[in-house]
Amino acid sequence: MTLTLAQRKRQLVSNELTEAALQLLAVKGFDAVTVDEIVATAGVSKRTFFRYFASKEDVVVQFLADMGTGIRAELAARPAEEPPSVALRHAMAVPLDACTDHPEHAERALRVVRLILGTPALHARFLERRLRWSDDLAAELTVRLRLDATTDLYPDLAAGAALTAFDITLQRWSAGDGSDDPTALIERAFALLAPALDGHALPV
């Protein structure tokens, strides 16, 4: 879908606000950052900020929403013949790869992950969003594998297992000194999950 000029401009402003907010929040901590600081860093007015976000917490929530959208889109784009474990591993790896594709990105991403997991209000919103991710992934798996959403347990179980692997990867990465490669961690997790995920009998 081609975006209009107005839509592209709106997306650019949203991205700049998100970038400024995440950088400040990750460095100074959630409670120490004000909206005034965010808009000063982004170079926009306070009025502009509130056209996009209701609060600084909503900046992080939108960031999580976008991440979930990206995971589902990647799963939908994977080749139909791929085993579920492979398709789900690639989908889960997309945000991790984006976080670590450059040393500066990895350092900032690690701070953001620690911020989200270490701030009760943000962690609660993360868990709330994670439930939506699970529903979205289950729906995608239902279509992908031609299953019956009303009777087959597999989509919900597989989505839950994949997101548990994602959670553990974030926890291990954020708890360490940052030297662990989160992409390698998610690959190790899916190597353990693969027999269960791929042992499901697919419809002929």
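Described below are features of the structure shown in this document. Please read all numbers here as calculations on a predicted model, not as lab measurements.

### A look at the packing of helix H5 (residues 84-99) against helix H9 (residues 182-198)
- Where H5 meets H9, the axes come as close as 9 Å, and the angle between the chain directions of the two elements is 160°. In this view, H5 runs roughly antiparallel relative to H9, as classed from their interaxial angle. Handedness of the H5/H9 crossing: right-handed. Contacts between H5 and H9 pair Pro84, Ser85, Leu88, Arg89, Met92, Ala93, Leu96 and Asp97 from the former with Pro182, Thr183, Ile186, Glu187, Phe190, Ala194, Leu197 and Asp198 from the latter.

### Some thoughts on the environment of aspartate 36
- One can find aspartate 36 in helix H2 (residues 35-42).
- Judged by its relative accessible area of 43%, aspartate 36 is partly exposed.
- Side chain to side chain, aspartate 36 and lysine 46 meet in a polar contact 3.3 Å long.

### What to know about the pattern of salt bridges
- A full pass over the atoms with the stated rule returns 10 salt bridges.
- In this structure, the salt-bridge partner of glutamate 74 is arginine 78, at a minimum N-O distance of 3.2 Å.
- When its relative accessible area of 22% is taken as the criterion, glutamate 74 is described as partly exposed.
- Across the pair arginine 132 and glutamate 128 runs a salt bridge whose closest N-O atoms are separated by 3.9 Å.

### Details of the packing of helix H7 (residues 120-144) against helix H8 (residues 154-175)
- Direction vectors running N to C along H7 and H8 enclose 135°, while the axes themselves pass 8 Å from each other. Relative to H8, H7 is oriented oblique. Relative to H8, H7 is oriented so that their crossing is right-handed. Where H7 abuts H8, its residues Phe126, Arg130, Trp133, Ser134, Leu137, Ala138, Leu141 and Thr142 lie against Pro155, Asp156, Ala158, Ala159, Gly160, Leu163, Thr164, Phe166, Asp167 and Leu170.
- Among the residues forming the contact of H7 with H8, the class breakdown is 11 nonpolar, four polar and three charged.

### Re unusual backbone geometry
- The phi dihedral of arginine 146 falls on the positive side, at around 55°, and the residue is not glycine.
- Assignment of secondary structure puts arginine 146 in the loop between H7 and H8.
- When its relative accessible area of 56% is taken as the criterion, arginine 146 is described as exposed.

What counts and how
- Residues numbered from 1 in each chain as written.
- Predicted model: local features only at pLDDT ≥ 70, side-chain atom pairs only at ≥ 80, totals over all residues.
- Heavy atoms only, no water.
- Axes fitted to C-alpha atoms, helices over the stretch in contact; angles between N-to-C directions.
- Helix = DSSP H or I, 4+ residues; strand = E, 2+ residues; numbered from the N terminus.
- Parallel < 35°, antiparallel > 145°, perpendicular 65-115°, else oblique.
- Left-handed = near helix turned anticlockwise from the far one by under 90°.
- Contact = heavy atoms within 4.5 Å.
- Buried < 20%, exposed > 50% of the residue type's maximum accessible area, 1.4 Å probe, protein only.
- Polar contact = N/O pair within 3.5 Å; in protein donor to acceptor, adjacent residues only side chain to side chain.
- Salt bridge = Lys/Arg side-chain N within 4 Å of Asp/Glu carboxyl O.
- Nonpolar A, V, L, I, M, F, W, Y, C, P; charged D, E, K, R; others polar.

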